[in-house]
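An overview of the molecular structure
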Amino acid sequence: MPEEFFFYTKGMTVGYEGVPLIKNIEIKVKRGEILTLIGPNGAGKTTILRSLIRQLKPLGGVVYLDGKDMATLSGREIARRLSIVLTERIRPELVTCREVVETGRYPYTGRLGRLSAEDRRIVMEAMELVHVAELAGEDFARISDGQRQRVMLARALSQEPELIVLDEPTSFLDIRHKLEFLSVLQELSQKRKLSVILSLHELELAERVSDKLACIQKDRIDRFGTPEEIFVPGYIRQLYQIGTGAGEECSGTPELPPAKGRPEAFVFAGNGRGTPVYRSLQRQGRPFATGILWENDQDYPVARQLAAEVVAEPAFCRLRESSVARAKELMTSCKEIIFALKPESGGELYPELWELWEYGRQQGKV
């Protein structure tokens, strides 16, 4: 396996009491990547995660952490590089949120478990990172589910891990707190190169936050790839064995926060072709501009949420000279131009789109 992968498995088999459940598991994660496990209930997502972190002993194969067989590493070594957030709702009595987070420093303390000034600094930094510093003195048992989950994430981060494993971390959260929680994970992966492996039930969120997805079906990983490779027509229905009467395969409009800054890329889009590109750029933390979109275009709602700038027109209107000029300015100033759509039709009706297409090609940044 190439050295570029920080965490990967070879021929791993998992199961219970010697009975294989899923065989030949091959997953790989680079530094700073988010890998999400999806699949039907009971497919084995939690079993895989618990086997990866050695809560369950794999029935076969090898798990590598930074090029080393995890079976050869001590528990303390693993705890210093890998941290865990599981679904169990722990409710300790008379313990503050700070004290919960402090337990994440135990792999670094001596036998008596005393925290140094440096340990306490790291604890507060972790709490600030996930926006729970103001809860430091609060009783952990009395805060909300969303706050509790973020405190547990702070605890995991206080271990200063290079990889974090989460089992259905959004299960007990409302949509606002789901988005906040996943936004923090994405920011950590982008800015701190933290690798993340998690399982999710919410497909629309998995599509938005993940760099890679592993699709678990029956006794195997059925597919492994990017969201653009996984969320293709027909596949999710097949994975979840959705019969007649089901709605859209992946629905819902909530998006994670846009990347901040001046646009680095201009996306020539429309007819829904730009949406996967927008989400890919957002996952990479790359601000972008897009256009020219009519306000009734399929790409427009997502563009409004994720793009640094959208060159847009009211529905069914002609393209204004000012919009064409602004799109050209953005194409000129951006480092890259991405054509998600070629104006193959409507050339006579909207010659300005062909003009923009040719202008973009001439920039030499496609």
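Let me begin by describing the structure that accompanies this report.

Parameters and conventions
Residues numbered from 1 in each chain as written. Predicted model: local features only at pLDDT ≥ 70, side-chain atom pairs only at ≥ 80, totals over all residues. Heavy atoms only, no water. Phe/Tyr/Trp six-rings, centres within 6.5 Å; stacked < 30°, edge-to-face > 60°. Helix = DSSP H or I, 4+ residues; strand = E, 2+ residues; numbered from the N terminus. Buried < 20%, exposed > 50% of the residue type's maximum accessible area, 1.4 Å probe, protein only. Salt bridge = Lys/Arg side-chain N within 4 Å of Asp/Glu carboxyl O. Contact = heavy atoms within 4.5 Å. Pairing = 2+ DSSP bridges. Axes fitted to C-alpha atoms, helices over the stretch in contact; angles between N-to-C directions.

According to the stated counting rule, one finds 5 aromatic pairs in the structure shown. Ring centres of F268 and F339 lie 5.6 Å apart, and the angle between their planes is 70°; on these two criteria the pair is classed as edge-to-face. Highlighted residues: F268 in strand 12 (residues 265–268) and F339 in strand 15 (residues 336–339), separated in sequence by 71 residues. Classification of F339 by relative accessible area gives buried; the value is 19%.

So, on to the pattern of salt bridges. Under the counting rule described, the total for this entry stands at 30 salt bridges. Salt-bridge contacts for R121 lead to E118; the nearest nitrogen and oxygen are separated by 2.7 Å. Here R121 pairs with E118, and both are found in helix 4 (residues 117–129), just 3 residues apart, close to one helical turn. A relative accessible area of 42% places R121 in the partly exposed class. R286 serves as the salt-bridge partner of E264, at 3.5 Å between the closest nitrogen and oxygen.

Along the chain, I242 falls in the loop between helix 9 (235–240) and strand 12. Classification of I242 as partly exposed rests on a relative accessible area of 30%. Taking the C-alpha atoms as reference points, I242 and D69, 173 residues apart in sequence, are found 39 Å from one another. For I242, the contacting residues outside a window of four places in its chain are I236 and R237.

Next up on the list: the sheet that holds strand 14 (residues 309–313). Read across the open sheet, the 4 strands follow the order 14-13-12-15; overall the sheet is parallel. Two strands lie at the open edges of the sheet, namely strand 14 and strand 15, each paired on one side alone. Each adjacent strand pair in this sheet contributes to an overall mean axis angle of 15°, direction not counted. With respect to the sheet, helix 10 (residues 275–283) is in contact with strand 12, strand 13 (288–294) and strand 15, its orientation differing from that of strand 13 by roughly 160°. This element, helix 12 (residues 321–333), spans strand 12, strand 13, strand 14 and strand 15 of the sheet and lies at about 155° to strand 14.

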